[in-house]
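Given next are the chains, with one letter for each unit.
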Amino acid sequence: HISRQAMEAPAAEEKEAEQRERRAYADDDISRLGWVQTPTSYFEDCVELNQLKDPCGHRNSLYFDAVQCGMDGYGSATLLSSNALIRRSALDSIGGMQYGSFTEGQLTGLRLHAKGWDSAYFRKDWEGDIHERFPLIVGLIPESVAATMKQRQRVAQGLSETFLRVPLTHGLVDAEWEAAYHRKHPVVCPPLSRPLPVRLMRLVFFFNEFCQPLASLIWFTYVIIILYMLFMGTNPFYVNSSLLLACYVPYIGICAVMNRVATRPVAVMEAVKGAETGYSFAWCNIAGVLSALWVRLTCKQSYKKRWGTQGAVKYNTSLLQLPNVCLFFSLLVGLGNCLAIFFTSKYSQPWQVLPAIALGTYVLFSLWPIVRLTVQEYLGWSVFTLHDKGHMTSAVALAVLAAWASLWKYVYVQDQGSILL
């Protein structure tokens, strides 16, 4: 006869093994910290970062050195798709990584925050003595401008789909399996209560993160207005100069000071580069927003896309590069047209054309690094072609300004006008 104790022994051993398995990833005490995110760093020995000074803005210092640090102060650092340590119990509480989006990291972090988990941002390249600092994660940049464009489009589409509340994870998880798994591995989430400042700032961070692609519509509007001013030789709307001087100019100054204070850890040129790439990647972001809107309207799920092609581009060029090239040469033609209008009819009213020339020149120089790399990729040229190695740009710019001033004065004298005081 088998004793009752011998019959219950296997069941007891199985229960004890289950408890050991549960303790292997669960904490004894409930902690709010759900994950730790680290910044993304790249190998600096490549030509694009070391010699071309990062024309595509891969370092993204404005985000990793300022934005993420600010969000960390509220326990709300964004979860990216890589370079993070996630608590197992936190991940189990939402059924694992939330696939179905091109930005599965941000979507997973958003749902972890909704479950009550906090996050932190950690880096080792800012702490201790200078010789003790090192990046925690180092990777490779995309292999071409085309790959960068496709990457930006995917990010814009993923963020826009999340903002538009597209049912991204529908059908990706077996409901019966998930229910059985949670019965075997119960997870206790932290309390959902948070101070009012944290809740308010998380709402701000949400709109800042997931509405960011929509900001490209503003860049696109700027470009349309500038092209109109260059080809028509006049402003598209009436501007009250006194009101502009009294209100808008101080507003620009205050915004500049606040932006500089908020981005103190970021190098000045890195902050400027972040603003300049807004024009270069506006088309990618708009394409991503339109793709997300199409998914929302047609209810075609994003998980049906081929995920195997996410990290690669079949060809070294992309149609997303074409708008930048077309815009660049359109601005060149527009600047020539605006100069012709200035010297033929508007030389006595410079306020009609000088703003268009200044803004058009700024956008032209902002697009030039991307356009240069695009032309090199299309034609198979070396990355060192079309590169100002002798710093001739400043000399040519001074010569053009001197010629412009001389010709302006000559036109006034020929017309027997007087130079405006």
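Quantities reported herein were computed from a predicted structural model and do not represent experimental measurements. (Residues numbered from 1 in each chain as written. Predicted model: local features only at pLDDT ≥ 70, side-chain atom pairs only at ≥ 80, totals over all residues. Heavy atoms only, no water.)

1. Let's talk about the overall build of the chain
At step 1: A tally of helices and strands in the chain yields 15 helices and five strands.
At step 2: Expressed as a percentage of the 421 residues in the chain, the buried residues total 36%.
At step 3: Residue pairs at least 24 apart in sequence account for 82% of intrachain contacts in the chain once pairs closer than 6 positions are excluded.
At step 4: Of the roughly 25,000 Å² of accessible surface on the chain, a fraction of 64% belongs to carbon and sulfur atoms. (Helix = DSSP H or I, 4+ residues; strand = E, 2+ residues; numbered from the N terminus. Buried < 20%, exposed > 50% of the residue type's maximum accessible area, 1.4 Å probe, protein only. Contact = heavy atoms within 4.5 Å. Areas by Shrake-Rupley, 256 points an atom, 1.4 Å probe, with all protein chains shown as cover.)

2. Re the packing of helix 5 (residues 104-114) against helix 8 (residues 196-210)
At step 1: Where helix 5 meets helix 8, the closest approach of the two axes is 13 Å, and the angle between their N-to-C directions is 165°. One element, helix 5, and the other, helix 8, form an angle in the roughly antiparallel class. The two elements helix 5 and helix 8 cross, and the hand of that crossing is left-handed. Along its contact with helix 5, which presents Gln-106, Leu-110 and His-113, the element helix 8 presents Arg-202, Phe-206, Glu-209 and Phe-210.
At step 2: Partitioning the contact of helix 5 with helix 8 into residue classes produces three nonpolar, two polar and two charged. (Axes fitted to C-alpha atoms, helices over the stretch in contact; angles between N-to-C directions. Parallel < 35°, antiparallel > 145°, perpendicular 65-115°, else oblique. Left-handed = near helix turned anticlockwise from the far one by under 90°. Nonpolar A, V, L, I, M, F, W, Y, C, P; charged D, E, K, R; others polar.)

3. Here's the deal with the pattern of salt bridges
At step 1: Using the criterion set out here, one finds five salt bridges in the structure.
At step 2: Asp-65 serves as the salt-bridge partner of Arg-123, at 3.0 Å between the closest nitrogen and oxygen. Within this pair, whereas Arg-123 is found in the loop between strand 4 (118-121) and strand 5 (138-139), its partner Asp-65 is found in helix 3 (residues 61-72), the two being separated by 58 residues in sequence.
At step 3: Classification of Arg-123 by relative accessible area gives buried; the value is 9%.
At step 4: Residue Arg-88 is joined to Asp-92 by a salt bridge in which the shortest nitrogen-to-oxygen separation is 3.1 Å. Remark: Asp-92 and Arg-88 occur in helix 4 (residues 88-93); sequence separation between them is four residues, near one turn of the helix.
At step 5: When its relative accessible area of 40% is taken as the criterion, Arg-88 is described as partly exposed.
At step 6: Salt bridges sharing common partners tie together Asp-118, Arg-194 and Arg-202. (Salt bridge = Lys/Arg side-chain N within 4 Å of Asp/Glu carboxyl O.)

4. Here's the deal with the nonpolar core
At step 1: Judged by nonpolar contacts, the single largest core of 23 residues is most densely connected at Leu-230, Leu-327, Leu-331, Cys-338, Val-363, Leu-367 and Val-371.
At step 2: Elements with a contribution of two residues or more to this core: helix 9 (216-232), helix 13 (322-344) and helix 14 (354-379).
At step 3: Of the residues forming this core, the biggest block, eight residues, is contributed by helix 13.
At step 4: Counting residues in each nonpolar core, the second largest holds ten residues, with Val-145, Cys-284, Ala-287 and Leu-320 among its members. (Core = buried A, V, L, I, M, F, W, Y, C linked by side-chain atoms within 4.5 Å.)

5. Quick look at the pairing of strand 1 (residues 33-37)
At step 1: The sheet contact formed by strand 1 and strand 4 spans four bridges and is parallel. When the bridges of strand 4 are listed, Val-36 appears paired with Ala-120. (Pairing = 2+ DSSP bridges.)

6. Things to note about the sheet that holds strand 3 (residues 84-86)
At step 1: Overall, mixed pairing links the three strands, which are arranged 3-1-4 in an open sheet. Sheet topology places strand 3 and strand 4 at the edges, where each strand pairs with a single neighbour. Neighbour-to-neighbour, the strand axes of this sheet turn through a mean angle of 20°, independent of strand direction.
At step 2: Helix 3 contacts strand 1 and strand 4 of the sheet and is inclined by roughly 145° relative to strand 4.

7. Section: helix 6 (residues 145-163)
At step 1: For helix 6, spanning 19 residues, the distance from its first C-alpha to its last is 27 Å, which sits close to the expected 27 Å at 1.5 Å a residue.
At step 2: Extensive coverage of helix 6 is indicated by the burial of 14 of its 19 residues.
At step 3: Arg-165 lies just past helix 6 and shows a positive phi near 60°. (Expected span 1.5 Å × (residues − 1).)

8. What about unusual backbone geometry?
At step 1: Although it is not a glycine, Asn-60 sits at a positive phi angle of roughly 50°.
At step 2: Position of Asn-60 relative to the elements: it lies in the loop between helix 2 (47-50) and helix 3.
At step 3: Overall, Asn-60 belongs to the partly exposed group, its relative accessible area being 36%.
At step 4: Even without glycine at this site, Asn-83 takes up a positive phi of about 60°.
At step 5: Mapped onto the elements of the fold, Asn-83 is located in the loop between helix 3 and strand 3.

9. Structural notes on a nonpolar patch on the surface
At step 1: On the surface, a cluster of nonpolar side chains totalling about 780 Å² of accessible area is made up of Phe-237, Val-239, Leu-244, Leu-245, Tyr-248, Val-249, Tyr-251 and Ile-252.
At step 2: With respect to the helices and strands, Phe-237 occurs in the loop between helix 9 and helix 10 (241-262). (Patch = residues over 30% accessible without salt bridge, like charges linked within 9 Å, V, L, I, M, F, W, Y side chains within 5 Å.)

10. Things to note about the confidence of the model for the chain
Residues shown with low pLDDT carry predicted positions that ought not to be read at fine detail.
At step 1: With 79% of its residues at a pLDDT of 70 or more, the chain shows a mean pLDDT of 79.
At step 2: Considering only residues more than four positions removed or in separate chains, one finds that residues 306-313, a stretch of pLDDT under 50, has twelve contacts. (pLDDT = per-residue confidence, 0-100.)

11. What about the packing of aromatic side chains?
At step 1: One pass over the structure, following the stated rule, counts twelve aromatic pairs.
At step 2: Ring centres of Phe-163 and Phe-207 lie 6.1 Å apart, and the angle between their planes is 70°; on these two criteria the pair is classed as edge-to-face. On the criterion of sequence distance, the pair formed by Phe-163 in helix 6 and Phe-207 in helix 8 is long-range, its members being 44 residues apart.
At step 3: On the basis of relative accessible area, Phe-207 is assigned to the partly exposed category, the value being 42%.
At step 4: Residues Trp-219 and Tyr-279 carry aromatic rings whose centres are separated by 4.6 Å and whose planes lie at 70° to one another, so their mutual orientation is edge-to-face. Of the two residues, Trp-219 is situated in helix 9 and Tyr-279 in helix 11 (residues 268-280); the sequence distance between them amounts to 60 residues.
At step 5: Tyr-279 sits in the buried class, given a relative accessible area of 7%.
At step 6: Among the aromatic residues, those joined into a ring-pair cluster are Phe-163, Phe-206, Phe-207 and Phe-210.
At step 7: Here the guanidinium or amino end of Arg-152 rests over the ring plane of Phe-281, the centre of that ring lying 4.1 Å away. (Phe/Tyr/Trp six-rings, centres within 6.5 Å; stacked < 30°, edge-to-face > 60°. Lys NZ or Arg CZ within 6 Å of the ring centre and 35° of its normal.)

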